[in-house]
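Single-letter residue listing:
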Amino acid sequence: MSEQNEKLHKVIIDRSRCCGYGLCAALCPDVYKLDGDGIVYLDSEFVPAGQEEAAIEGAAACPAEAIRVEAPGA
């Protein structure tokens, strides 16, 4: 992991729990993407600077609790 990435929030998803509601992507489309079946995926596991709050809100909105966001150093 690069030194820069060590300073970023990290997203962990459990695609097997995703039900395709899409709330995460609606709240934070820069982090959460939906595949053709509406299941969440990530382009990068690291949250871009400035998107931390939206990423956390998107994870919290997931009714299936399929997403968690870890703070740097966690």
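These numbers come from a predicted model, not from an experiment.

J.: How would you sum up the state of the cysteines? Please name residues and give values.
T.: As enumerated under the stated definition, the model contains zero disulfides in all. You can see Cys 18 has no disulfide; the closest cysteine sulfur is in Cys 62, sitting 6.3 Å from it. A relative accessible area of 15% places Cys 18 in the buried class. Unpaired in this structure, Cys 28 has its nearest cysteine sulfur neighbour in Cys 24, at a distance of 8.8 Å. Using a relative accessible area of 1% as the deciding quantity, one classes Cys 28 as buried.

J.: So, the pattern of salt bridges: which residues are in play, and what are the values?
T.: Going through the model one piece at a time under the given rule, you end up with three salt bridges. Here Glu 45 and Lys 10 are joined by a salt bridge, their closest N and O atoms 3.8 Å apart. Here Lys 10 lies in strand E1 (residues 10–13) and Glu 45 lies in the loop between strand E3 (40–42) and helix H2 (52–60), a separation of 35 residues in the sequence. Residue Asp 35 is joined to Arg 15 by a salt bridge in which the shortest nitrogen-to-oxygen separation is 3.0 Å. Separated by 20 residues along the polypeptide, Asp 35 in the loop between strand E2 (32–34) and E3 and Arg 15 in the loop between E1 and helix H1 (23–27) bring together distant segments of the chain.

How each quantity is defined
- Residues numbered from 1 in each chain as written.
- Predicted model: local features only at pLDDT ≥ 70, side-chain atom pairs only at ≥ 80, totals over all residues.
- Heavy atoms only, no water.
- Disulfide = S-S within 2.5 Å.
- Buried < 20%, exposed > 50% of the residue type's maximum accessible area, 1.4 Å probe, protein only.
- Salt bridge = Lys/Arg side-chain N within 4 Å of Asp/Glu carboxyl O.
- Helix = DSSP H or I, 4+ residues; strand = E, 2+ residues; numbered from the N terminus.

Honestly, it's all geometry; don't read function into it.
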